[in-house]
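Below are the chains, spelled out letter by letter.
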2 protein chains.
Amino acid sequence: MTNRKEGMNYAPKGKPNPVVKENEFIFAAIALEHGHIGGMCSGLIDAGGTIKYVYDPDIQKAEAFAKNFPGIIIAKSEDEVLSDPEVMLVASADITSKRGALGLRVMDAGKDYFTDKAPFTTLEQLEAARQKVQETGRKYMVYYAERIHNECSVYAGDLIEQGAIGRVINVLGLGPHRLSAPARPDWFFQKEHYGGILCDIGSHQVEQFLYYTGAKDAEVTRSQIANYNHPEYPELEDFGDMMLVGDNGATGYFRVDWFTPDGLSSWGDGRTVILGTEGYIELRKNLNITVEDEGNHVFLVDKTGEHHIPVTGKVGFPFFGQLILDCINRTDHAMTQAHAFKAAELCLKAELYAERIE
Amino acid sequence: MTNRKEGMNYAPKGKPNPVVKENEFIFAAIALEHGHIGGMCSGLIDAGGTIKYVYDPDIQKAEAFAKNFPGIIIAKSEDEVLSDPEVMLVASADITSKRGALGLRVMDAGKDYFTDKAPFTTLEQLEAARQKVQETGRKYMVYYAERIHNECSVYAGDLIEQGAIGRVINVLGLGPHRLSAPARPDWFFQKEHYGGILCDIGSHQVEQFLYYTGAKDAEVTRSQIANYNHPEYPELEDFGDMMLVGDNGATGYFRVDWFTPDGLSSWGDGRTVILGTEGYIELRKNLNITVEDEGNHVFLVDKTGEHHIPVTGKVGFPFFGQLILDCINRTDHAMTQAHAFKAAELCLKAELYAERIE
């Protein structure tokens, strides 16, 4: 039950697998508005990264963060971090609506940027980032944690690449989350700042659709949002769902919501069902209800039978080491820039054109 | 593994619970084009019904069927059955495109009609049946087996009625089926006759959406069909999915397909996930993959915890007894005529306006 209340502080433990030595990849953390920043930084550190600074306008937040990272410098300003040529990458979990602008400043300072999802709240922010990447050659990478920081999701990608289920024709995702309203900051309930449910937690789902199907682009064919049961937060969307068709003909559907019941032993019973022409995969990401509080359950059904593959501690999180090497070598093995931006674009469009259900 | 290959011959065993004595409710079977007729008749017999006749133009089919029902008369013509005033109801699993016309003849003969799903292949057939019901006062009932003849689906309805998950806001259904192409008749692959995948196996899903949400009507907001991997059957749709919004604001999504892998111990890993404001229910209808070949697994998550409730043999199939009493008393407790027709209408519209994915 360790992750009972920690949906917003998701920081899974992987197996450390350093790809560089100390001080070969120095990074900093700026803006600690979401607990994801912990998982982002520990992922980089497990892969060999060295964290030099933390900065947040709220000094108490910075101090609390610093306790977990011995030797870290609490910077006095954003500029102190951005003007240090040793810093190669800035990790950040700002208020969602401010992530784009911070990224521009980071890239202007000649550094790569690694932001919590969702990376933007408007298409204009996305366009500005696309241009800045073009102009500076820097990276604007995104922490789509529900795939890159979840071992069963990583393993599913490997299975698909090996051809275990043939051609992927449909990806279905359920992304329920526990609201834990009292623990959330005000901006979390202001649409201008969090961007809407499809933009926010929907971004994980769109990213997974593109990744598992291999689609380079997709059309959002229908998207919906609702506030079914939280009139006290009028700008909260407690439900959203959408359909996608990929440029390769694969289809997708996702449902996200803030209705995780108190009785669930995890913050959310996240599922992904990937249907292929030769079999299917079901991921029970965060737990196996009524059986096990621990997550990372892969179920594979193919020609030969039904297989349950628990993968906790067996797969790790290759994204972080790949990202470090990508930053050093200017490659894009962790995630292409086009992929990171396309996922953002589609969830922004889904949100923008969503039908509101009453 | 008993139901390994029997997707098309679905005849679950319930607990017999007769509501009438022998010969108080006499019925007949006409047209045996789909194995579902076995489940339909055994359901009625377990509820006290008495089967008097079987008729099919193919005498061998009628003889094979008769072996399972001692004392049954093999009729020489449809008219022999329809002209017998003792027969109160005709059960039928004709070629889908012929079900509507047979229903009109049955109702014209003053009898109630109980057809396998899908009940129609065109909106014109539906309209003719609506008029005939109006004119004759007879019933045109439908065997939506994946709810009425599946104990966990029945139990989910009871839980919802008791308020176990609050207001139902979303129903999600996965209805994969094994193709078993060599065992299928020619008409199964001809769209004019089977009606398309959303009309055919999609009809179960639409019916469940209306039932679990309590919606009286709904809008099909997006529907899609594809033939991803069966070019040898050009008119087969091996995939379909759709979204619905109910007149009460509840939302739904369903995916149906013919991609059940050979390694699965059932004909299909049917699932239903019902999201409410106070909890959710997952049904694993036909098996619990890698754990149990037997189906009827209800998973309920609410404020108090996670609950696994296996219900095989515990719930039975109240539909059949209710239908018999409805026919005798002219009530509509088993299913209202409006509900049966609305489910048919929505799946026909979903099919008619479906986007074809290439």
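So, here is what we can say about the structure in this document. If you're wondering where the values come from, they're calculated on a predicted model, not measured in any experiment. (Residues numbered from 1 in each chain as written. Chains lettered and ligands numbered in written order. Predicted model: local features only at pLDDT ≥ 70, side-chain atom pairs only at ≥ 80, totals over all residues. Heavy atoms only, no water.)

**A word on the overall build of chain A**
Reasoning step 1: The number of helices and strands found in chain A is 11 helices and 15 strands.
Reasoning step 2: Taking 358 residues into account, the globule formula puts the C-alpha radius of gyration at 21 Å, and chain A, at 19 Å, falls close to it.
Reasoning step 3: Principal-axis analysis of the C-alpha atoms places the extent of chain A at approximately 55 × 45 × 40 Å.
Reasoning step 4: Put simply, chain A shows about 12,900 Å² of open surface, and 50% of that area lies on carbon and sulfur atoms.
Reasoning step 5: Charge-centre separation for chain A: the mean point of 35 positive side chains lies 2 Å from the mean point of 52 negative side chains. (Helix = DSSP H or I, 4+ residues; strand = E, 2+ residues; numbered from the N terminus. Rg over C-alpha atoms; globule rule 2.2 N^0.38 Å. Areas by Shrake-Rupley, 256 points an atom, 1.4 Å probe, with all protein chains shown as cover. Lys, Arg positive; Asp, Glu negative; His and termini not counted. Charge placed at Lys NZ, Arg CZ, Asp CG, Glu CD.)

**Notes on the sheet that holds strand E9 (residues 239-246) of chain B**
Residues and elements named next belong to chain B.
Reasoning step 1: The 9 strands are arranged E14-E13-E12-E11-E7-E10-E9-E8-E15 in an open sheet whose pairing can be described as mixed. Only two strands of the sheet have a single neighbouring strand rather than two, namely strand E14 (305-310) and strand E15 (355-357). Across the sheet, the axes of successive neighbouring strands diverge by a mean angle of 10°, strand direction being ignored.
Reasoning step 2: Sheet analysis places strand E12 (residues 279-284) next to strand E13 (residues 297-302), joined by 5 bridges and oriented antiparallel. Across the sheet, the residue bridging to Tyr280 is Val301, located in E13. (Pairing = 2+ DSSP bridges. Axes fitted to C-alpha atoms, helices over the stretch in contact; angles between N-to-C directions.)

**A look at the sheet that holds strand E12 (residues 279-284) of chain A**
Residue and element names in this part refer to chain A.
Reasoning step 1: Strand order in the open sheet formed by 9 strands is E14-E13-E12-E11-E7-E10-E9-E8-E15, with mixed pairing between adjacent strands. Taken across any chain shown, the strands that pair with only one partner, and hence form the sheet edges, are strand E14 (305-310) and strand E15 (355-357). On average, each strand axis in the sheet is tilted by 10° relative to the strand beside it, whichever way the strands run.
Reasoning step 2: Sheet topology note: the strand E8 (residues 218-226)/E15 ladder contains 3 bridges and is parallel. If you follow Gln224 over to E15, its bridge partner there is Glu355.
Reasoning step 3: Its contacts with the sheet put helix H11 (residues 337-352) on E8 and strand E9 (239-246), and the angle it makes with E8 is roughly 50°. (Contact = heavy atoms within 4.5 Å.)

**Brief notes about the packing of aromatic side chains**
Residue and element names in this part refer to chain B.
Reasoning step 1: All chains considered together, the criterion is met by 37 aromatic pairs over all chains.
Reasoning step 2: Aromatic side chains Phe319 and Phe320 sit 5.5 Å apart centroid to centroid with 85° between the ring planes, which places their arrangement in the edge-to-face category. Of the two residues examined, Phe319 and Phe320, each falls in the buried class.
Reasoning step 3: Over the aromatic face of Phe299 sits the side chain of Arg284, whose NZ or CZ is 3.9 Å from the ring centroid. (Phe/Tyr/Trp six-rings, centres within 6.5 Å; stacked < 30°, edge-to-face > 60°. Buried < 20%, exposed > 50% of the residue type's maximum accessible area, 1.4 Å probe, protein only. Lys NZ or Arg CZ within 6 Å of the ring centre and 35° of its normal.)

**Some points on the relation of the copies chain B and chain A**
A rotation about an axis combined with a shift along that same axis relates the two copies of the chain.
Reasoning step 1: Of the transformation superimposing chain B on chain A, the axial component is 0.0 Å and the angular component is 180°, with the fit at an RMSD of 0.0 Å. Overall, the copies show the geometry of a two-fold rotation axis. Residue Arg222(B), judged by its C-alpha, is the member of chain B lying nearest the rotation axis, at 3.4 Å.
Reasoning step 2: Of the residues that chain B buries at the interface, 100% are likewise interface residues in chain A, meaning the two copies contact each other through the same surface. (Least-squares fit on C-alpha atoms with pLDDT ≥ 70 in both.)

**A word on the pairing of strand E1 (residues 26-32) of chain B**
Residues and elements named next belong to chain B.
Reasoning step 1: Judged by how many residues are buried, E1 sits mostly within the fold: 7 of 7 residues are covered.
Reasoning step 2: Two strands pair when backbone bridges link them, and E1 and strand E2 (residues 50-55) are joined in this way by 5 bridges, in the parallel orientation. Bridged to Ala29 within E2 is Val54.
Reasoning step 3: Crossover connection from E1 via helix H1 (residues 36-46) to parallel E2: handedness right-handed.
Reasoning step 4: Relative to strand E4 (residues 89-93), E1 runs parallel, the two sharing 5 bridges. Each residue of the ladder has a partner; that of Leu32, found in E4, is Ala93. (Right-handed = clockwise from strand over helix to strand, strands pointing away.)

Purely geometric numbers; function is a separate question.
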